[in-house]
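For reference, the chains in residue letters:
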Amino acid sequence: MNKSILIAVGLAAAGAVHAQAPVTAPVSTAAAATAPIVVAGTVADEASKAALLARLRTVYGLDRVVDQLSVGTVSTPANWNEYVGRLIGPNLKMISRGQLKVDGNNVSLRGDVSNEAQRQQIAGDIAASLNPTYTVNNGLRVAASEQSVLDAALANRIIEFESGKAALTQSGMTILDQMSEALKKLHGIRVEVIGHTDNAGSRAGNLSLSQARAEAVKTYVAARGIAADSIAVSGEGPDRPVADNRTPDGRARNRRIEFKVVQ
């Protein structure tokens, strides 16, 4: 009987396991650094089990590793336990929503990474840790960052309100319809909506207006299916200008709504 190990990144228990003697272990994501590392499947003996758990606990900490391993009859390539141990390293923490699977001499890797350099580094380091009898299938993909999803949707446009009020204009609603779709792609990631104003009028009045406008944005997107508890709001008033308040164009650019992913 063959033996497999599946390290699923950002998936709780990695779904169904079909290999004859699999080992499954979800690894942390950037968005959920405290996610459990669930290890399931069959290994040859207690020593192999202990070594695998020890390696995972060294990388991810004692409290995060959930042991669902069993001991049974399996056959493995020479030095298989050693090679599996080499694969469980800090580089895996750069992967989200994916998995590393080792099935005999076959290694497959999938999931999201932040950039192409990470994709190449992780796959290259894995290949370098194995002997030539192993085959590595690099299925990693470069995923857009959560903040870039919001930035691309807003596209430097200004969400407009009625003058001096927290009532959205029709054009502002149209932009927020598009922002709501972008927010849905983040699957509950916490986002802060920040209101800004120009410096016309009193600072206290502008702070109150910017807060009210941020609240209006939250109410609008919540009505379109965005969880209200995933949206924080704040009003910065005139304190963070991005343009010169001495010109009409500058003041218009400063009257804006900002969407920021909360780390």
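The structure we're discussing is the one just above.
A short note on the overall build of the protein chain
And step 1. Assigned secondary structure in the protein chain consists of seven helices and ten strands.
And step 2. Residue burial in the protein chain is summarised as follows: out of 263 residues, 42% are buried.
And step 3. Considering only contacts in the protein chain between residues 6 or more positions apart, those separated by 24 or more positions represent 65%.
And step 4. With an accessible surface of roughly 12,900 Å², the protein chain has 51% of that area assigned to carbon and sulfur atoms.

Here we look at helix α6 (residues 203–222)
Residues three or four positions apart in an α-helix share a direction because the helix packs 3.6 residues into each turn.
And step 1. Taking 1.5 Å per residue as the helical rise, α6 with its 20 residues ought to reach 28 Å, and the 29 Å between its terminal C-alpha atoms agrees with that figure.
And step 2. Three or more residues of α6 are buried, namely N206, L209, S210, R213, A214, A216, V217, Y220 and V221. Along the long axis of α6, the arc covered by the buried residues comes to 155°, so they all point the same way. More than 90 degrees from the buried face of α6, the exposed residues found are A204 and T219.
And step 3. Close packing links the buried residues of α6 with α5 (170–184), β8 (191–196), β9 (231–237) and β10 (257–261).

As for the pairing of β10
And step 1. Only one face of β10 is buried, namely the one carrying I257, F259 and V261, since none of E258 and K260 on the opposite face is buried.
And step 2. Note that β8 and β10 share five bridges and pair antiparallel. Counterpart to V191 in the pairing with β10 is V261.

Overview of the environment of G139
And step 1. Within the element layout of this structure, G139 appears in strand β7 (residues 135–142).
And step 2. Relative accessible area serves as the criterion here: at 35%, G139 is assigned to the partly exposed category.
And step 3. Between the C-alpha atoms of G139 and R119, which are 20 residues apart in sequence, the distance is 9.0 Å.
And step 4. Beyond its immediate chain neighbours, meaning those up to four positions away, G139 contacts L109, R110 and G111.

Points about the pattern of salt bridges
And step 1. In total, this model carries ten salt bridges according to the counting rule given.
And step 2. R141 serves as the salt-bridge partner of D112, at 2.4 Å between the closest nitrogen and oxygen. In this pair, D112 is assigned in strand β6 (residues 106–113) and R141 in strand β7, connecting sequence segments 29 residues apart.
And step 3. Exposure remark for D112: the relative accessible area of 5% places this residue in the buried category.

Considerations on the packing of aromatic side chains
And step 1. Applying the stated criterion across every chain, the model contains one aromatic pair.
And step 2. Between the aromatic rings of Y83 and Y134, the centroid separation amounts to 5.2 Å while the plane-to-plane angle is 55°, which identifies the pairing as tilted. In this pair, Y83 sits in helix α2 (residues 80–87) while Y134 sits in the loop between α3 (116–128) and β7, placing the two residues 51 residues apart along the sequence.
And step 3. Of the residues examined, Y134 reaches a relative accessible area of 9% and is grouped as buried.
And step 4. Across from the ring centre of Y220, 3.6 Å away, lies the NZ or CZ of R224, which sits over that ring.

As for the side chain of Q118
And step 1. With respect to the helices and strands, Q118 occurs in helix α3.
And step 2. Classification of Q118 as buried rests on a relative accessible area of 17%.
And step 3. Once residues within four sequence positions are removed from consideration, Q118 is found in contact with M94 and V113.

Considering the environment of S171
And step 1. Within the secondary structure layout, S171 lies in helix α5.
And step 2. Note on S171: relative accessible area 34%, which makes it partly exposed.
And step 3. Once the C-alpha coordinates of S171 and I159 are considered, the two residues, twelve residues apart in sequence, prove to be 7.3 Å apart.
And step 4. Side chain to side chain, S171 and E160 meet in a polar contact 3.2 Å long.

Definitions and limits used
- Residues numbered from 1 in each chain as written.
- Predicted model: local features only at pLDDT ≥ 70, side-chain atom pairs only at ≥ 80, totals over all residues.
- Heavy atoms only, no water.
- Helix = DSSP H or I, 4+ residues; strand = E, 2+ residues; numbered from the N terminus.
- Buried < 20%, exposed > 50% of the residue type's maximum accessible area, 1.4 Å probe, protein only.
- Contact = heavy atoms within 4.5 Å.
- Areas by Shrake-Rupley, 256 points an atom, 1.4 Å probe, with all protein chains shown as cover.
- Expected span 1.5 Å × (residues − 1).
- Arc of directions from axis to C-beta.
- Pairing = 2+ DSSP bridges.
- Salt bridge = Lys/Arg side-chain N within 4 Å of Asp/Glu carboxyl O.
- Phe/Tyr/Trp six-rings, centres within 6.5 Å; stacked < 30°, edge-to-face > 60°.
- Lys NZ or Arg CZ within 6 Å of the ring centre and 35° of its normal.
- Polar contact = N/O pair within 3.5 Å; in protein donor to acceptor, adjacent residues only side chain to side chain.

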